[in-house]
Amino acid sequence: MRRISRFTACALAAMFVIAAARGALAQSQSTELHIKYNSGQDVVPVYEGWERVPDGSFNMVFGYLNRNHVEELNVPVSAQNGFDPGPADRGQPTYFYPRENHFIFKVNVPKDWDKKKELVWTITAHGKSEVARATLLDVWEIDRKVEVSNNGGGTQVSNELVARDQPPTVKIDPVGRLHTGAPVTFSAIVTDDGLPPPSDKQRAPRTLEPTLRGAPPSPVNVPLPQRPRPPQGLSVLWMVYRGPAKVAFDPEGYVKVTNGKVEVKATFTRPGTYVIRAFGSDGLLRAPADVTVTVEGPSSSQP
């Protein structure tokens, strides 16, 4: 039997240790990719792209990714939540829901805006800063079909229908004095152009890839939060756009419009100034309406 030298044996042993370490590191990194957090993580601003406006100007469209699966963050407009150059306040949200939130707001820039000029949105949360750099480069141009795809439009439609469709208009009724702990009703009138037709079929669920059927679930340590999806027909999604704390909406998610009207009950836990946003959806496109309210502490009549 051929004998190996001590040097060769040591080299083989070292190679084995390195291979084992690499395997352990690869397994660790693979596991880390699946680690999810309830809280303590930052918020990543997202540039969705730009769209043309009939007057020749452009809308830069933004969303965000809150890396947390549970924690909802309030980051007021400041150096920690602002734009550069120009005004720090460009109408961005200050209240951030968990995980992906696409096509949340738009920043209009003039038609003479330099294509390569960057508009930078910075968010700092839990000590970490993230930025989105927006430009008007051709590669970033988007259209309505992109928005429909990302927001989970509920019907199978043609490009022609998407082009003809107009998003609903939402008009929120005035509200009286608000107090913490006491549910208040927000109501709105919703009008639409009737597209897409109510007879359109719901989009069928995506078929699971054959290679994934029967596969074990990915290792996760917290559940994935449910992302609101618009149903067929007219509905409204109520959310906190700006404000110091969570607001409980009843019912949650998209609320069906009945006879042109929609209502939701909201309970505030902390006093302060809030911007409540109502996204009106026709199942394809959506558009926001905002109402600013001041919430006081518990009223004297509350127990």
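Data block above holds the structure.
These remarks concern the structure in this document. (Residues numbered from 1 in each chain as written. Predicted model: local features only at pLDDT ≥ 70, side-chain atom pairs only at ≥ 80, totals over all residues. Heavy atoms only, no water.)

What about the overall build of the chain?
Summing up its helical and strand segments, the chain has three helices and 17 strands in all. Each of the 303 residues in the chain was classed as buried or not, and the buried ones make up 39%. Partitioning the contacts of the chain with sequence separation of at least 6, the portion at a separation of at least 24 is 68%. Of the accessible surface of the chain, which amounts to about 17700 Å², a share of 55% is contributed by carbon and sulfur atoms. (Helix = DSSP H or I, 4+ residues; strand = E, 2+ residues; numbered from the N terminus. Buried < 20%, exposed > 50% of the residue type's maximum accessible area, 1.4 Å probe, protein only. Contact = heavy atoms within 4.5 Å. Areas by Shrake-Rupley, 256 points an atom, 1.4 Å probe, with all protein chains shown as cover.)

Focus: the pattern of salt bridges
Tallying each qualifying case throughout the model produces 11 salt bridges. The salt bridge involving Asp-42 is made with Arg-67; its shortest N-O contact spans 2.8 Å. Here Asp-42, found in the loop between helix 1 (6-34) and strand 1 (43-52), pairs with Arg-67, found in the loop between strand 2 (58-66) and strand 3 (73-74); they are 25 residues apart in sequence, far enough to count as distant. Note on Asp-42: relative accessible area 4%, which makes it buried. For Arg-67, a relative accessible area of 31% corresponds to the partly exposed category. (Salt bridge = Lys/Arg side-chain N within 4 Å of Asp/Glu carboxyl O.)

Notes on the sheet that holds strand 2
Pairing is antiparallel in the open sheet, where three strands are placed in the order 1-2-6. Pairing within the sheet leaves two strands with one partner each, and these edge strands are strand 1 and strand 6 (99-109). Strand-to-strand twist across the sheet, computed as the mean angle between neighbouring axes with direction ignored, equals 25 degrees. Pairing between strand 2 and strand 6: eight bridges, direction antiparallel. Looking across to strand 6, one finds that Asn-59 is bridged to Asn-108. (Pairing = 2+ DSSP bridges. Axes fitted to C-alpha atoms, helices over the stretch in contact; angles between N-to-C directions.)

In short, shape yes, function no, at least from these values alone.
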